[in-house]
Amino acid sequence: RAPLTAARGLVFQTWGERALVQRLFPVAQVPQVVVGLGYEEPGPGLGPGTAPGERTGLGDRPYLLYLGRVDGFKGTTMLGAFFAAYKERHPGPLALVLAGPVTARPPGHRDVVVTGAVDEADKWALMRGATAFVQPSPHEAFSIVLMEAWSESVAVVVNGRCAATREHCERSGGGLWFESYAEFEAVIDRVVADAGLRRALGAAGRAFVGANFRWPTIIDRYAAFAEGIRERTAAPAG
């Protein structure tokens with residue numbers, strides 16, 4: 001607690017993070033601001049990457065995408081199990097692609113593709129081709145990859161037990177969430193079946209990123225907060 005109360009100001013990534021600190025450490029008198037993290041779109045020279053169907057072997061099949069470390073701590077073991085159960089109840093072409101370094105491979109399933117690590121060009125190609133992006137992690141502090149998905153107008157589905165990613169979805173209107181298998185099934189059904197809903201979610205997410213997390217906006221927030229701290233510090237007592 002002492003380092004927090006000694007600070008001249010506190011900067012948070014999300015409102016949920018600020019609420020957690022306020023609950024655990026009563027530091028209401030310390031100036032605070034929620035800034036977020038800056039996001040920068042890939043440069044125009046990056047290139048389109050390999051076509052998603054070629055990279056995954058799925059051809060033209062629709063797919064849900066996860067990008068990041070494939071690890072139980074990140075929720076991918078749960079996601080693999082939920083998706084396998086979903087496919088038992090909803091046969092069809094839908095697949096799940098898990099792209100990223102593998103530390104804990106989920107149980108094998110004919111409709112789950114684990115690509116391993118991908119380069120930046122392939123990452124963006126996979127993102128642009130996804131039916132929806134799924135972030136199953138319950139432990140994210142911000143989740144830049146959500147901003148990447150929304151920057152491509154891709155609808156997202158997140159773990160409702162993660163305060164940060166659920167907050168992003170609630171504040172943006174750009175995604176849905178689940179806390180159980182039953183909710184996962186209902187949400188995936190809605191997203192897969194309704195192209196209009198996907199477009200609306202993706203557009204709302206893109207607008208949210210543009211309004212809040214571009215670097216010029218982030219820098220302006222930091223500068224304004226720092227200037228306010230400087231003025232308070234310089235002001236004479238009394």
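About the criteria used
- Residues numbered from 1 in each chain as written.
- Predicted model: local features only at pLDDT ≥ 70, side-chain atom pairs only at ≥ 80, totals over all residues.
- Heavy atoms only, no water.
- Helix = DSSP H or I, 4+ residues; strand = E, 2+ residues; numbered from the N terminus.
- Buried < 20%, exposed > 50% of the residue type's maximum accessible area, 1.4 Å probe, protein only.
- Contact = heavy atoms within 4.5 Å.
- Areas by Shrake-Rupley, 256 points an atom, 1.4 Å probe, with all protein chains shown as cover.
- 1 Å grid on protein atoms, 1.4 Å probe; cavity = no way out; pocket = protein on both sides within 12 Å on 5 of 7 lines; lining within 4 Å.
- Points joined across faces, edges and corners; volume = space filled by probe spheres on them.
- Nonpolar A, V, L, I, M, F, W, Y, C, P; charged D, E, K, R; others polar.
- Salt bridge = Lys/Arg side-chain N within 4 Å of Asp/Glu carboxyl O.
- Pairing = 2+ DSSP bridges.
- Axes fitted to C-alpha atoms, helices over the stretch in contact; angles between N-to-C directions.

### A closer look at the overall build of the protein chain
Helix and strand counts for the protein chain come out as 10 helices and eight strands. The proportion of buried residues among the 238 residues of the protein chain is 45%. Contacts in the protein chain between residues far apart in sequence, at least 24 positions, make up 61% of those at least 6 positions apart. Of the roughly 11500 Å² of accessible surface on the protein chain, 56% is carried by carbon and sulfur atoms.

### Examining the layout of surface pockets
Each pocket or cavity is described by its volume, and for the largest pocket that value is around 150 Å³. Surrounding the largest pocket, Leu67, Gly68, Ala99, Gly100, Pro101, Ala117, Val118, Asp119, Glu120, Lys123, Val145 and Glu148 form its lining. Mapped by element, the contributors of at least two residues to the lining of the largest pocket are α5 (120-129) and α6 (144-151). Here the lining of the largest pocket is composed, by residue class, of six nonpolar, two polar and four charged.

### Points about the pattern of salt bridges
Tallied over the entire structure, the rule returns 12 salt bridges. A salt bridge links Glu152 to Arg128, with the shortest nitrogen-to-oxygen separation between them at 3.2 Å. Note that Glu152 is positioned in the loop between α6 and β7 (156-159) and Arg128 in helix α5, a separation of 24 residues in sequence. Taking the relative accessible area as the measure of exposure, Glu152 reaches 22% and is therefore partly exposed. Here Glu227 and Arg230 are joined by a salt bridge, their closest N and O atoms 2.6 Å apart. Taken together, the residues Glu227 and Arg230, both in helix α10 (residues 215-234) and three residues apart, mark about one turn of the helix.

### Remarks on the sheet that holds β7
Within the open sheet, the six strands sit side by side as β5-β4-β3-β6-β7-β8. Their pairing is parallel. One side of each edge strand has no neighbouring strand; the edge strands of this open sheet are β5 (112-116) and β8 (175-178). Shown here is a sheet whose adjacent strand axes are inclined to one another by a mean of 25 degrees, direction ignored. Where strand β6 (residues 132-135) lies against β7, three bridges are found, and the strand directions are parallel. Residue Val134 lies in a different strand from β7, and its bridge partner there is Val157.

### As for unusual backbone geometry
Positive phi is not limited to glycine here, since Ser143 has a value of about 80 degrees. If you trace the backbone, Ser143 turns up in the loop between β6 and α6. Ser143 gets classed as buried once you look at its relative accessible area, which sits at 7%. Positive phi, close to 60 degrees, is recorded for Ser153, a residue that is not glycine. Tracing the backbone through its elements, the reader meets Ser153 in the loop between α6 and β7. Judged by relative accessible area, Ser153 falls into the partly exposed class, the value being 35%.

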